[in-house]
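Below, each chain spelled out in residue letters.
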Amino acid sequence: MSGEDKLLDVRNITKKFPLARTGIFEKIKYVNAVKDFSVSIKRKEIFGLVGESGCGKSTAARTIIRLYEPDEGNIIYNGTDISRLTEKELRPYRKKMQMVFQNPYSSLNPRHTVKEIVTQPIMFHKLADDRSEAEEKAMFYLDKVGVLRSQIDRYPHQFSGGQRQRISIARALAVAPDFIIADEPVSALDVSIQAQILNLLLDLREEFSLSFMFIAHDLAVVRHVSDRVGIMYLGCLVEYGSYGQIFENPLHPYTKTLLSAVPVLGKRSMDSVVLSGEVPSAPTEDFTGCVFAHRCTRHTEVCLQQTPVLKEIEPGHYIACWSADK
Amino acid sequence: MTNIPEVRKEPEYLLDVRELKTYFHTFKGIVRAVDGVSFSLKKGEVLGVVGESGCGKSVTGFSVLRLIDPPGRIEGGEIIFEGESLLKKSEREMEKIRGNKISMIFQDPMTSLNPVYTIKKQICETLELHGGLRGREAHNRAVELLRLVGIPSPESRVNYYPHQFSGGMRQRVIIAISLATSPSLIIADEPTTALDVTVQAQLIKRLYQLVKSNNSSMILISHDLSLVSGVSDNIIVMYCGRVIEKGPSESVISNPAHPYTVGLLESIPKMTGERKMLQQISGLVPNPFEMPMGCSFYPRCELGQKICETEYPRLREIEEEHYVSCHFAGGRNF
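A.B. asks: So what exactly am I meant to see when it comes to the overall build of chain A here?
C.D. replies: Broken down by element type, chain A carries 10 helices and 12 strands. Each principal axis of the C-alpha atoms in chain A carries an extent, and together these give about 65 × 55 × 45 Å. In chain A, which comprises 326 residues, the share counted as buried stands at 45%. Looking at chain A alone, contacts between residues at least 24 apart form 64% of all its contacts between residues at least 6 apart.

A.B. asks: Looking at this model, I keep getting lost on the overall build of chain B. Mind explaining?
C.D. replies: A count of helical and extended segments in chain B gives 11 helices and 12 strands. For chain B, the C-alpha radius of gyration of 21 Å lies close to 20 Å, the compact-globule estimate for 334 residues. Each of the three principal axes of chain B carries a C-alpha extent, and together these read 70 × 50 × 45 Å. Relative to its full complement of 334 residues, chain B shows a buried share of 47%.

A.B. asks: In this structure, what is going on with the sheet that holds strand S10 (residues 236-242) of chain A? I would like to understand it.
C.D. replies: Strand pairing in a sheet takes place through backbone hydrogen bonds and is either antiparallel or parallel in direction. Residues and elements named next belong to chain A. Pairing within the open sheet is mixed, and its 8 strands lie in the order S6-S7-S8-S3-S9-S10-S12-S11. Strands at the two margins of the open sheet, each flanked by one partner only, are strand S6 (97-100) and strand S11 (311-314). Pairwise comparison of adjacent strand axes, ignoring direction, gives a mean angle of 20° for this sheet. Sheet topology note: the S6/strand S7 (residues 179-183) ladder contains 4 bridges and is parallel.

A.B. asks: Any chance you could explain the interface of chain B and chain A here in plain terms?
C.D. replies: A common measure of how large an interface is: the accessible area buried when the components associate. Taken together, the contact between chain B and chain A spans 38 residues of the former and 32 residues of the latter. Residue assignment for the side of chain B that touches chain A shows that the elements contributing at least two residues are helix H7 (197-213), helix H8 (225-231), helix H9 (249-254) and helix H10 (259-266) of chain B. Looking at the side of chain B that touches chain A, the element that brings in the most residues is H7 of chain B, giving 8 residues. A breakdown of the residues in the side of chain B that touches chain A according to their chemical character gives 17 nonpolar, 14 polar and 7 charged.

A.B. asks: Would you take a moment to explain the sheet that holds strand S7 (residues 185-189) of chain B for this structure?
C.D. replies: Residues and elements named next belong to chain B. Read from one edge of the open sheet, 8 strands run S6-S7-S8-S3-S9-S10-S12-S11, paired in mixed fashion. The open sheet has two edge strands, strand S6 (102-105) and strand S11 (316-319), and neither has a second partner. Adjacent strand axes in the sheet meet at a mean angle of 20° when their direction is disregarded. Note that strand S9 (residues 234-239) and strand S10 (residues 242-248) share 6 bridges and pair antiparallel. Bridge pairing in S10 places Met238 opposite Val243.

A.B. asks: What is the right way to read unusual backbone geometry from this model?
C.D. replies: Comment: phi is negative for the bulk of residues other than glycine, and the bulk of peptide bonds are trans. Residues and elements named next belong to chain B. In the segment running from Pro70 into Pro71, the intervening peptide bond is cis, with an omega of 5°. Assignment of secondary structure puts Pro71 in the loop between helix H1 (57-64) and strand S4 (72-81). With a phi angle near 50°, Glu19 is a residue other than glycine that sits in the positive phi range. Secondary-structure assignment places Glu19 in strand S1 (residues 15-26). In this model, Cys240 sits at a positive phi of 50°, which is unusual for a non-glycine residue. The topology assignment puts Cys240 in the loop between S9 and S10.

A.B. asks: I'm lost on the packing of helix H3 (residues 119-131) of chain B against helix H4 (residues 135-148) of chain B in this one. Help?
C.D. replies: The geometry of a pair of packed helices is captured by two quantities: the angle between their axes and the separation between those axes. Residues and elements named next belong to chain B. Contact pair H3 / H4: the axes reach a minimum separation of 9 Å and the direction vectors enclose 115°. On the basis of their axis angle, the class for H3 and H4 is roughly perpendicular. For the element pair H3 and H4, the recorded crossing hand is right-handed. Of H4, the residues touching H3 (which contributes Lys120, Ile123, Cys124, Leu127 and Glu128) are Ala138, His139, Arg141, Ala142 and Leu145. The residue inventory of the contact of H3 with H4, partitioned by class, reads 6 nonpolar, 1 polar and 3 charged.

A.B. asks: Please explain the environment of His322 of chain B as it appears in this structure.
C.D. replies: If you trace the backbone, His322 of chain B turns up in strand S12 (residues 322-324). Note: C-alpha distance between His322 of chain B and Gly83 of chain B (239 residues apart in sequence) is 24 Å.

A.B. asks: Quick question: what am I supposed to make of the domain arrangement of chain A here?
C.D. replies: Residues and elements named next belong to chain A. Taken domain by domain, chain A comprises domain 1 (6-96 + 178-192 + 210-319) and domain 2 (107-176). The distance between the C-alpha centroids of domain 1 and domain 2 comes to 31 Å. Opposite the 5 residues of domain 1 that make contact, domain 2 presents 6 residues. By residue class, the composition of the side of domain 1 that touches domain 2 is 4 nonpolar, no polar and 1 charged.

A.B. asks: How do you make sense of helix H3 (residues 114-124) of chain A when you look at a structure like this?
C.D. replies: For an α-helix the count is 3.6 residues per turn, leaving residues at separations of three or four pointing the same way. Inspection of H3 of chain A places Val114, Ile117, Val118, Thr119, Pro121 and Ile122 of chain A among the buried residues, and these make up the whole buried set. On its buried face, H3 of chain A sits against helix H4 (131-145) and helix H5 (161-173) of chain A.

A.B. asks: Help me out: how do you make sense of the nonpolar core in this one?
C.D. replies: If you look at the biggest cluster of nonpolar residues, it comprises 181 residues, and the most contacted ones within it are Ala170, Phe214, Tyr233 and Val238 of chain A together with Ala176 of chain B. For this core, the element with the most residues is H7 of chain B, which contributes 8 residues. When we break this core down by domain, the ones giving at least three residues each are domain 1 (6-96 + 178-192 + 210-319) and domain 2 (107-176) of chain A. Not counting chain neighbours up to four residues away, the residues in contact with Phe214 of chain A comprise Ile46, Phe47, Gly48, Leu49, Ala182, Val222, Val225 and Ser226 of chain A. Of all hydrophobic cores here, the second largest spans 6 residues; its members include Tyr323, Val324, Cys326 and Phe328 of chain B.

A.B. asks: Mind showing me how you'd approach the packing of H3 of chain A against H4 of chain A here?
C.D. replies: Residue and element names in this part refer to chain A. The N-to-C vectors of H3 and H4 enclose an angle of 115°; their axes lie 8 Å apart at closest approach. Regarding H3 and H4, the two cross each other, and that crossing is right-handed. Note on element contacts: H4 touches H3 through Arg131, Ala134, Glu135, Lys137, Ala138, Tyr141 and Leu142, opposite Val114, Lys115, Val118, Thr119, Ile122 and Met123. Residues of the contact of H3 with H4, tallied by class, amount to 8 nonpolar, 1 polar and 4 charged.

A.B. asks: Even after reading the chapter, I still don't get the confidence of the model for chain B, so can you show me in this structure?
C.D. replies: In low-pLDDT regions, the fine details of the predicted coordinates are not to be read closely. Scored by pLDDT, chain B comes out at a mean of 86, with 95% of its residues at no less than 70. Taken together, the chains of this predicted complex give a pTM of 0.85 and an interface ipTM of 0.78.

A.B. asks: Explain the pairing of S1 of chain B here, please?
C.D. replies: Every other side chain in a regular strand lies on the same face of the sheet, so the side chains alternate between the two faces. Residue and element names in this part refer to chain B. Taken together, the 10 bridges between S1 and strand S2 (residues 29-41) define a ladder with antiparallel strand orientation. Each bridged residue has a counterpart across the sheet, and for Val17 the counterpart in S2 is Phe39. Hairpin connection from S1 to S2: 2 residues lie between these consecutive antiparallel strands.

Rules and cut-offs
- Note that residues are indexed from 1 along each chain, following the sequence as it is written.
- Chain letters and ligand numbers both follow the written order, the letters beginning at A and the numbers at 1.
- Whole-chain, interface and lining totals are the exception, using all residues; otherwise, since this is a predicted model, local features are given only for residues with pLDDT of at least 70 and side-chain atom pairs are given and counted only at 80 or more.
- Here a strand is any run of E in DSSP of at least two residues, a helix any run of H or I of at least four, and the numbering for each starts at the N terminus.
- Here exposure depends only on C-beta density: within 10 Å of a residue's C-beta, 20 or more other C-beta atoms make it buried, 12 or fewer make it exposed, and intermediate numbers make it partly exposed, the C-beta atoms being placed from the backbone.
- We call two residues in contact if the C-beta atoms placed from their backbones are at most 7 Å apart.
- The globule rule is 2.2 Å times the number of residues to the power 0.38, and the radius of gyration it is compared with is taken over C-alpha atoms.
- What makes two strands pair is DSSP finding at least two bridges between them.
- Under this scheme, a helix contributes an axis fitted over its contacting stretch, all axes are lines through C-alpha atoms, and angles between N-to-C directions fall in the 0 to 180 degree range.
- Three residue categories are used. Nonpolar comprises Ala, Val, Leu, Ile, Met, Phe, Trp, Tyr, Cys and Pro, charged comprises Asp, Glu, Lys and Arg, and polar comprises the others, including Gly.
- These descriptions rest on fixed angle ranges, namely under 35 degrees for roughly parallel, over 145 for roughly antiparallel, 65 to 115 for roughly perpendicular, and the rest for oblique.
- Should the near helix be turned anticlockwise from the far one by less than a right angle, the crossing is termed left-handed; should it be turned clockwise, right-handed.
- Start and end points for every domain follow an automatic or database-based domain assignment.
- Each nonpolar core comprises buried Ala, Val, Leu, Ile, Met, Phe, Trp, Tyr and Cys residues, the members being joined through C-beta atoms within 7 Å.
- The predictor attaches a confidence to each residue, and that confidence, scored 0 to 100, is pLDDT.

Listed below in structure tokens is the structure:
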């Protein structure tokens, strides 16, 4: 991929969280919520990030837009390293990177009208000269996401879940971002509404040339919207590639079992290969080896001792596994 | 699926629900959460109930157990279980049926266990109440049940408190409790919705095997059509408190007739094949206080015509055992 069209280049970011000490003289241990996470996203690209709960996908996303401070690694946005900028220096970049949250019931201020919710970020980033211009802009974006002009003086509780998610999207769009992180934007919605929101996101990408990081646990949804897909397990990116490569030719043992666990319409679920056990808690910082080794049917001695790094197996298709390169 | 052979003397159906009506009398008016739902379930059968939030699928499940609290009330219809009418039973008699012959698995594993008692105590409570087991006997059975649902080292885990388990493990415990008395009917209301796909796959598989090996029946309530289609013998699709389509799984999934079912199936992103623009069902579910007079799907329907506005379409058979409630679906005509 040429360096020019890279909008975002994330290099080896690590985010650790401290664990509770068991004794007062004990050294604080850290858990690796995200370990050595690298990804680059092109303009107008949708990168889907998949994994089970607790695998660090939301932490990775939040670290990328610096809602969390990265412990290691660099985040290069449009040629500038933003990973060490101060809050004030960061402000111009804040409006370029927006976020749509999972729960439309708690991510909108219940005491503000829809108009206020969308006008606020425009005023904050001084993208309009005065309030009436800001409101005009807000109206424009609300119209784009399908909220009627007659509804803009209502409060969030007067809207359904799908409508609220539209408002969240309008709020993110209002500051004219280049990059949006959508963290499980449709998981709280019914399927027929989910389809409406997914179609809306795809339309908006075309219209405003947006790049997305699309986080979801629903693989079918990710397959539907993403250009490229990354699979995370316990804080590590274990495989990524184009959506075709991941879904037609998954190579990492974890990806394979994850895909086979998805219920498919009309297929008896009794035939699926089932992974035994559950996701263990994320490893502490001194852990070495493959995070998946203990549940992997093909693990060897080396998997338990050395951490696998991402290797390119076919053009654009990377996996981190010791035994998968045939 | 091969049919389970008829069981002696018993009536044809294990559960036969006819024209069930459950209404909620709120200050704003009457909500017809379940409005004339009929279905039946044979012994050993798995019935999937699908629909979007608010369609009345959970209320249907609760109604079968008569777990409807005011302002809700079962207004009419019949619920025949093992040949006896549940609606005619006293509260005392119902208590003997709940958790004993019919048990329920709820959606949220985080809130359906009591946080201040150990798992053992909670399983043994059921065993004592309904099975008459005590002490050592109950303990052994509890351990055995935990092993059955796939909890590793059940001997020590049985003394754990709910917070020591993950979501998936808790749901296993709940399944263990619901199976404790070998009920003939299990109502599972979104049993895996709160869980990850890999855990969901394990649990559904396990639940299915346990149900089949006990020759029990199950009503699986879920919003996830793919999940339901994977385990059910028959499916009913609900919309606005009514059954709009029902039939054998394969038939409903491969040959959906009602425009709502068709829309629902087309709005699900697929795991294989080419990616296409998702079809969306336009509009929203109608306000429960302002239900349309005729067909409740009429305002969103593409096939809609004059008659749909005023007359509710009755369920009619379009294929063997496959019923649809639409004036125009399938044969386009009556």
